[in-house]
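Notes for the structure review
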Amino acid sequence: MNDIKMPTQGLANLEVFAATLESLAAVDRNIIAVTSDSRGSGKLTPFGQKFPKQIIEVGIAEQNLVGVAAGLASAGKTVFAVSPACFLTARALEQIKNDVAYSNNAVILVGISAGVSYGALGTTHHSLHDYAVLRAINNLIVVAPADNFETEQAILQAAALNKPIYLRFGKKAMPFNLVISDWLLATGNEAENQFPNNQSTNNQFQLGKGRIVREGSDITFIGTGETVLPAFEAAEKLAAEHGIQAKVVSMHTIKPLDYELINTIASEGKPIITVEEHMINGGLGEAVASYLMQNSFRNSFKIMGIPDEYTVTGSQNEIFNHYDITGVGIAKEALKLMNQ
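A quick note: this is a predicted structure, and the numbers were derived from the prediction, not measured.

With that settled, consider the overall build of the protein. When you go through the protein residue by residue, the secondary structure sums to 13 helices and 14 strands. Taken over the C-alpha trace, the protein has a radius of gyration of 19 Å; the compact-globule value for 340 residues is 20 Å, and the two agree within 12%. In terms of overall dimensions, the protein has C-alpha extents of about 55 × 45 × 35 Å along its principal axes. Residues classed as buried in the protein amount to 56% of the 340 residues present. Considering only contacts in the protein between residues 6 or more positions apart, those separated by 24 or more positions represent 77%. Here the protein carries 25 positive and 33 negative side-chain charges, and the mean point of each set is 4 Å from the other.

Residue P256 is bonded to the preceding K255 through a cis peptide linkage, with omega at 0°. Here P256 shows up in the loop between β12 (253–255) and α10 (259–267). Although it is not a glycine, D37 adopts a positive phi angle of roughly 55°. Its place among the elements puts D37 in the loop between β2 (31–35) and α2 (45–50). A positive phi angle is found at K43, which is not glycine, with a value near 60°. Residue placement: K43 occurs in the loop between β2 and α2.

Spatially, seven strands are ordered β3-β2-β4-β5-β7-β6-β12 in an open sheet, and the strand pairing comes out mixed. A strand with exactly one partner marks an edge of an open sheet, and here the two such strands are β3 (55–57) and β12. Adjacent strand axes in the sheet meet at a mean angle of 20°, parallel and antiparallel pairs treated alike.

This brings us to the confidence of the model for the protein. The pLDDT averaged across the protein works out to 91; a share of 91% of its residues lies at or above 70. Below a pLDDT of 50 lies the segment residues 182–202, which in the model reaches 31 contacts outside its immediate sequence neighbourhood of four places, other chains included.

Moving on to the sheet that holds strand β14 (residues 301–306). Ordered by their spatial adjacency, five strands build an open sheet running β9-β11-β10-β13-β14, and the pairing between neighbours is mixed. Looking at the sheet topology across the chains shown, the edges are occupied by β9 (211–214) and β14. Taken over all neighbouring pairs, the strand axes of this sheet differ in orientation by 25° on average, direction set aside.

Right, let's talk about the pattern of salt bridges for a bit. Scanning all chains against the criterion turns up twelve salt bridges. Across the pair R168 and D130 runs a salt bridge, and its minimum N-O distance is 2.8 Å. Linking R168 in strand β7 (residues 165–168) with D130 in helix α6 (residues 130–135), this pair joins segments that are 38 residues apart in sequence. D130 shares its class with R168; the two are buried. Salt-bridge contacts for E236 lead to R214; the nearest nitrogen and oxygen are separated by 2.8 Å. You can see E236 sitting in helix α9 (residues 228–242) and its partner R214 sitting in strand β9, a full 22 residues away along the chain. The class of E236 is buried, set by a relative accessible area of 10%. Beyond isolated ion pairs, a larger network of salt bridges with shared partners links D147, E150 and R211.

The rules we used
- Residues numbered from 1 in each chain as written.
- Predicted model: local features only at pLDDT ≥ 70, side-chain atom pairs only at ≥ 80, totals over all residues.
- Heavy atoms only, no water.
- Helix = DSSP H or I, 4+ residues; strand = E, 2+ residues; numbered from the N terminus.
- Rg over C-alpha atoms; globule rule 2.2 N^0.38 Å.
- Buried < 20%, exposed > 50% of the residue type's maximum accessible area, 1.4 Å probe, protein only.
- Contact = heavy atoms within 4.5 Å.
- Lys, Arg positive; Asp, Glu negative; His and termini not counted.
- Charge placed at Lys NZ, Arg CZ, Asp CG, Glu CD.
- Pairing = 2+ DSSP bridges.
- Axes fitted to C-alpha atoms, helices over the stretch in contact; angles between N-to-C directions.
- pLDDT = per-residue confidence, 0-100.
- Salt bridge = Lys/Arg side-chain N within 4 Å of Asp/Glu carboxyl O.

What follows is the structure, encoded as structure tokens:
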């Protein structure tokens, strides 16, 4: 049996976002952060202290947040509109649709404490709808990075893209880089040495292109955001305990989806499981399922996420455990799917 090798834990992606934004603002006065009473929760307090003329606080007024950000973007600023994902994508949905996407204002919408990151604050503070509603809006890119490397690259590419984009971040510490986890384990380098250096020839990130973080030929896990890590854990567990090799894909860009990669995976004829920190309705899983069905693929298929029910209350870990969004739970579903 193989040994289970786990990725080296890094920082919360939100912390990487804040650090990367500071590095951009230090060399570009047109970088502006707009917050809705979310400077602290967005890890932007140091940013505000260093760049007081490059941050705007609108208070608890998400619709104003998006409107102000759109106005600044139309005047040539590179704007990061930072707010809790649950409120940003619900209270300000009309402004996102009209002022940002339809008006083609290149605002970088940053949904923080996404998914069930707010834990015990309950359903009112969970963003389990954002993929579904934002996928339905034309001219809006939707991205949920899986690790610290993807987060940094997503911020840098979003700032240079000049297009409307939504970036989704949780609060939990994530791996430095899932792809180079073996290298990190061997060297033991610390967090401050990881950015922005690329330490592997596999280190590739491109918005709109899924990223294979683990190779395998027996089954494929397609995750996004913070669910890629438990999918990776499941793959290692299956390899160690059953000799099953699972491919793990970080589908960090929900829209536009990487149909070329999905086609390649589906053509292998093996089972596919999608995993997301989102309602099973309207998210990554349904997007992949739609492509498979419309292109006559018949792979065994399973969507893992939050079911259409009243969500249990608890920490993110407790909620993930309840819905089997864990290495153990995903591995169990994989075995079940493969034995059908």
